[in-house]
Amino acid sequence: MHTLILSISFSVAVSIFLKLARGGGIRVDQAIAVNYATAAALSLWLLRPPLDTLFEQPPAVWLILGLLGVLLPSVFLIMAAAVRRAGIVRSDTAQRLSLILPILAAFLVFHEVLSGRKAFGIALALCALACLLARPRAGAAAAPDDETRGSAARGWPVLLGVWAGYGCIDILFKQMARIGAGFTGSLLLSFILAGLLMGLWLLVRRTRWDARSLASGILLGGLNFGNIYFYIRAHQTFPANPTLVFAAMNIGVISIGTLVGAGVFRERLSALNMLGIGLALGAIVLLFPR
């Protein structure tokens, strides 16, 4: 179980990094660019993808990789904005609720049979999302460390972006696996493309580079890769029970994220937000078969 615990811990640590980054004067966009270079280097070192066939990918795979190259850094920036405006608790919960999109895709695109249990889980997840995105009353839910009062009330668009973005990324990875692409090689290529596109975007904007922000990207890359690496190792540890890994990961991140957000950063949640977190936990349990 230590692989699951480490994966959950790294995932929450990424959110904490994003929460602290702005207050520490770190340019998140520069850190994200270096993060992908670090993640690619760690992929080469730890996952050892087959380099001789790395670029021998079907056209459909390159299309998916191109989409991932755009989405990965974009959603990372959206997640950073969500953590800043809406807090760790609601951002992590929105990210975990994004599993509703690949599940819907399984029924609508991949023709999986819809059971009553999963249908109820989908309905519960949508209710949870509505509660999670509910606007607090003016001035009531602003976190003490927000730069402007009421910023949490403006957080619902970025929470929707987190939900939709991570859901689309999950669908793309599932589609890549479905058409037979090697996971380790595809993961490495997606990190490389995301890093290149993020770097080009910064160059076009004529970014003034900040050494501290670039150095912090190494830490962010280690945390981001650690989350993915130990998640893969957890699946390897429990090959006959992927449901255990996926459900434990989602529930663990929401639970620990709630404790960290409320206990460490004193994020104030409304009763409706708390109900949404509870419904999200119930939905995640229902959406995975016994």
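Up top you'll find the structure we're talking about.
The present account deals with the structure reproduced in this document. Along each chain, residues carry numbers from 1 onward, in the same order as the chain's sequence is written. Only residues with pLDDT of 70 or above have their local features reported here, since the model is predicted, and side-chain atom pairs are shown and tallied only from 80 upward, although totals for entire chains, interfaces and linings are computed over all residues. Side-chain metrics in this entry use all non-hydrogen atoms of the structure; hydrogen atoms and water are not considered.

Next up on the list: the overall build of the chain. Each helix is a run of H or I in the DSSP string that is no shorter than four residues. Each strand is a run of E no shorter than two, and both are numbered from the N terminus. Each helix and strand counted, the chain has 11 helices and 0 strands in total. Going from the N terminus to the C terminus, the chain shows its helices and strands as α-α-α-α-α-α-α-α-α-α-α. Residue burial is assigned from relative accessible area. The probe radius is 1.4 Å, only protein chains are included, and a residue is buried under 20% of its type maximum, exposed over 50%, and partly exposed in between. Per-residue burial over the chain gives 50% buried out of 290 residues. Between two residues, a contact is recorded if the distance between any of their heavy atoms is within 4.5 Å. Of all intrachain contacts in the chain linking residues separated by at least 6 positions in sequence, the fraction that spans at least 24 positions is 86%. Reported accessibility uses the Shrake-Rupley method at a 1.4 Å probe radius. Residues are deemed covered only where the shown protein chains occlude them. Surface accessibility of the chain: about 13700 Å² in total, with carbon and sulfur atoms responsible for 68%.

Moving on: the packing of aromatic side chains. When the centres of two rings from Phe, Tyr and Trp lie within 6.5 Å, Trp using its six-membered ring, the rings pair. Their planes under 30 degrees apart give stacked, over 60 give edge-to-face, and anything left gives tilted. If you walk through the whole model with that rule in mind, you get 6 aromatic pairs. With a centroid separation of 6.2 Å and an interplanar angle of 35°, the aromatic rings of Y36 and F191 are classed as tilted. Taken together, the positions of Y36 in helix α2 (residues 28-47) and F191 in helix α8 (residues 183-204) put the pair 155 residues apart, joining distant regions of the chain. With a relative accessible area of 3%, F191 lands in the buried category. Plain terms: the ring middles of F225 and Y229 are 5.6 Å apart, the flat faces sit at 20° to each other, and that makes the pair stacked. Of this pair, F225 and Y229 both sit in helix α9 (residues 211-237), 4 residues apart, which is roughly one turn of the helix.

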